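# Notes for the structure review
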Amino acid sequence: MAEPHDLTALEQAEAIARGELSSLEVVEHHLRRVDALGDTVGAFVTVTAGRAREAARAADATPPGERGPLHGVPTAIKDLTLTAGVRTTFGSAAFADFVPPVDADVVRFIKAAGLVSLGKTTTSELGCSLYSEGLVAPPARNPWDLSYTAGGSSGGAAAAVAAGLVPVAQGSDGGGSLRIPASLCGLIGYKPSRGLVSSGPLGFGAYGLPSNGPIGRTVADVAALLDVMAVAVPGEPYLPPAPPAEGYLGAARAAAPGRLRVGRFTAAMLVDEPVHPDCVAAVDRATALLTAAGHEVVEVPPPLGPQVWPLFETLWYVLALTPVPPEGEHLLLPLTRFMRSRGADVSAGTLTTTLGELQVQVRAGVRRTAGCDLLLCPTLSAPQAPVGWFTQGRTPEEDFDRQRRFSPYCAVFNVTGDPSVSLPVGTTAEGLPVGVLLTGRYGADATLIATAAQLEGSCGGWDRHPVLWRGVDSANVSGSGVGRSPR
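These figures come from a predicted structure and were not determined experimentally.

### Some points on the overall build of the chain
A count of helical and extended segments in the chain gives 15 helices and eleven strands. Computed over its C-alpha atoms, the radius of gyration of the chain comes to 21 Å, within 12% of the 23 Å expected for a compact globule of 487 residues. Its C-alpha atoms put the chain at 60 × 55 × 50 Å along the principal axes. Within the chain, the proportion of its 487 residues that are buried is 60%. Of the contacts made within the chain by residues no fewer than 6 positions apart, 78% connect residues no fewer than 24 positions apart. Of the roughly 17500 Å² of accessible surface on the chain, a fraction of 55% belongs to carbon and sulfur atoms.

Shown next as structure tokens:
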């Protein structure tokens, strides 16, 4: 008989709705897994067991007619996301004791939908890196092989979902921060179209680059959580695209999206970097599956090339200038201090010029691929990276350079604002996941989700699990947990 964590998020909700399980039973089951595996995979900074039990009891008391598709299901909130009354460290020792007085809009929506948060997931410091290895929690490790990173900045969210600690989680993506961990951990990480999910109530929107989004094991689960998040909020700086009448879960469950033109490329965009054969092979497999499904897949030039990197570099430095209490500056990691130092040297005029030139380049890139409904490329230039690979024995400059070479694709689509999803299409010879990036037109999230669901069906499903899934004794930190355990 399946354990509760073996069920998808939607299956857990259906079991709760039928009375086969209570939300409290499901939450208690997952809390036991968090207690056993949470530190092993570095998933959580803060576990809110008491609040979770209280929320589960409230979910069980909710009348059936007031329950949505994910009612009563466990989830988790990224530690970059404001959560009222819960310690939120932004991945930094400088905020180790910070407790926000307000919820982010996306947290309000998740609560209102009856999902139950088990706590705050590990992130990189201030969201500045694509790995999650800070001072406030154990490093986020890939449950498929604990010697590898789970990525960042939503690394804890990915580790939690891939280890079966929660079935779906909230994350955010300002340069690949959902899609990178999803690729590493064999999950679906979805960055919505700009404006579709509120980033409020605080902050200035970071030039439209970041977006809240879902991460999960199946396209339907991810689509259902996106439905929860995609609520229009007055005063947001970007006009949200209109969701489909049937919702994004409806799009995932609908018939095939029709014949689409898919532009494919494998060359790295932001650096002149060779791409690992396993990453190219994953794109080749996705190409074959999309072609077999009736889509036209054509070779296209990458929208942007390495010559635009200095523009991105300037922008990332400025975005690292998150307000930090002066007394906490010395607690920041070397990479964060390096980026903030560089950002402080960027004048307002230089920033304005950089944003303008970047938009010129983006316009030209979008026009080069305007005849395509979707774009297909690798998520990363290499399948995996060991814990410490970016930092150990390296200067901050070397760390930052390694990151841009490892992830030369995702950030482009944060600048364009297009919806983009990493899908676990490939595997290495050792059985580790390899993702591909599928990107749609701005506002066409329903088409992207429908195509992702079609690809999932062609692959025979993606709800596969590492050996660690079976329990804490199934793997160890030396990396012997490689393997796949079918549902």
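### Some remarks on unusual backbone geometry
Among all residues save glycine, negative phi is the norm, and among peptide bonds the norm is trans. Cis geometry marks the peptide bond from Gly152 to Ser153, where omega comes out at 5 degrees. Structurally, Ser153 can be placed in the loop between strand E3 (116-121) and helix H5 (155-162). Although it is not a glycine, Phe90 adopts a positive phi angle of roughly 55 degrees. Turning to its location among the elements, Phe90 is positioned in the loop between strand E2 (74-78) and helix H4 (105-112). Not every positive phi belongs to a glycine, and Tyr207 is a case in point at roughly 60 degrees.

### Observations regarding the confidence of the model for the chain
The predicted model of the chain averages 95 in pLDDT, with 97% of residues at 70 or higher. Looking at the elements of the chain, mean pLDDT is at its lowest for helix H12 (residues 348-368), recorded as 95, and at its highest for E2, recorded as 99. Here residues 474-487 is a poorly scored stretch, pLDDT under 50, and it has 43 contacts once near neighbours within four places are set aside; other chains count.

### Quick notes on the sheet that holds strand E8 (residues 296-299)
Taken together, eight strands build an open sheet; the order of strands is E4-E6-E5-E10-E11-E9-E7-E8 and the sheet is mixed. This sheet does not close on itself; its edge strands, each paired only once, are strand E4 (168-173) and E8. Averaged over all neighbouring strand pairs, the angle between strand axes comes to 25 degrees, with direction disregarded. Pairing of strand E7 (residues 261-264) with E8, which is carried by four bridges, proceeds in the parallel orientation. Bridge pairing in E8 places Arg261 opposite Glu296. Helix H7 (residues 219-229) contacts E4, strand E5 (188-191) and strand E6 (211-216) of the sheet and is inclined by roughly 150 degrees relative to E6.

### Looking at the nonpolar core
Membership of the largest hydrophobic core comes to 135 residues, with the highest contact counts inside it found for Leu165, Ile215, Phe312, Met339 and Leu423. For this core, the element with the highest residue contribution is H7, accounting for eight residues. Ignoring any residue separated from it by four or fewer positions in sequence, one finds Ile215 in contact with Ala157, Ala158, Val161, Val168, Ala169, Leu178, Ala182, Leu187, Ile188, Gly189 and Val222.

### Focus: the layout of surface pockets
The calculated volume of the second largest pocket comes to roughly 340 Å³. For the second largest pocket, the lining is made up of 21 residues, of which Ala55, Lys111, Leu115, Val116 and Ser117 are closest to its centre. Here the residues of the lining of the second largest pocket are counted per class, giving eleven nonpolar, six polar and four charged.

### Re the side chain of Thr149
For Thr149, the position within the fold is in the loop between E3 and H5. Within polar-contact distance, the side chain of Thr149 engages the backbone nitrogen of Gly151 at 2.8 Å. Apart from residues no more than four positions distant in its own chain, Thr149 is found in contact with Tyr131, Ser132, Glu133, Ala140, Arg141, Asn142, Leu184, Gln384, Ala385, Pro386 and Val387.

### Focus: the packing of aromatic side chains
Going through the model one piece at a time under the given rule, you end up with 13 aromatic pairs. Ring geometry for Tyr131 and Phe390: centres 5.4 Å apart, planes at 10 degrees, overall stacked. Here Tyr131 is found in the loop between E3 and H5, whereas its partner Phe390 is found in the loop between strand E9 (374-378) and helix H13 (396-406), with 259 residues between them in sequence. One exposure class covers both Tyr131 and Phe390, and it is buried. Ring plane angle 65 degrees and centroid distance 6.5 Å describe the contact between Phe338 and Phe400, whose orientation is recorded as edge-to-face. Remark: Phe400 occurs in helix H13 and Phe338 occurs in helix H11 (residues 334-344); sequence separation between them is 62 residues.

### Let's talk about the environment of Val366
If you trace the backbone, Val366 turns up in helix H12. C-alpha of Val366 to C-alpha of Gly65: the two residues are 301 residues apart in sequence and 45 Å apart in space.

### Some remarks on empty space enclosed by the protein
On inspection of all chains with the given rule, the structure shows two cavities of 30 Å³ or more. In terms of lining, the largest cavity is formed by Ile188, Tyr190, Val219, Val222, Ala223, Val421, Ile449 and Ala452. The set of elements that each furnish at least two residues to the lining of the largest cavity consists of E5, H7 and helix H15 (445-458). Top contributing element to the lining of the largest cavity by residue count: H7, with three residues. Partitioned by chemical class, the residues of the lining of the largest cavity number eight nonpolar, no polar and no charged. Empty space within the second largest cavity amounts to approximately 30 Å³. Val45, Gly91, Thr122, Thr123, Gly134, Leu135, Val136, Ala137 and Pro138 together form the lining of the second largest cavity.

The rules behind these values
- Residues numbered from 1 in each chain as written.
- Predicted model: local features only at pLDDT ≥ 70, side-chain atom pairs only at ≥ 80, totals over all residues.
- Heavy atoms only, no water.
- Helix = DSSP H or I, 4+ residues; strand = E, 2+ residues; numbered from the N terminus.
- Rg over C-alpha atoms; globule rule 2.2 N^0.38 Å.
- Buried < 20%, exposed > 50% of the residue type's maximum accessible area, 1.4 Å probe, protein only.
- Contact = heavy atoms within 4.5 Å.
- Areas by Shrake-Rupley, 256 points an atom, 1.4 Å probe, with all protein chains shown as cover.
- pLDDT = per-residue confidence, 0-100.
- Pairing = 2+ DSSP bridges.
- Axes fitted to C-alpha atoms, helices over the stretch in contact; angles between N-to-C directions.
- Core = buried A, V, L, I, M, F, W, Y, C linked by side-chain atoms within 4.5 Å.
- 1 Å grid on protein atoms, 1.4 Å probe; cavity = no way out; pocket = protein on both sides within 12 Å on 5 of 7 lines; lining within 4 Å.
- Points joined across faces, edges and corners; volume = space filled by probe spheres on them.
- Nonpolar A, V, L, I, M, F, W, Y, C, P; charged D, E, K, R; others polar.
- Polar contact = N/O pair within 3.5 Å; in protein donor to acceptor, adjacent residues only side chain to side chain.
- Phe/Tyr/Trp six-rings, centres within 6.5 Å; stacked < 30°, edge-to-face > 60°.

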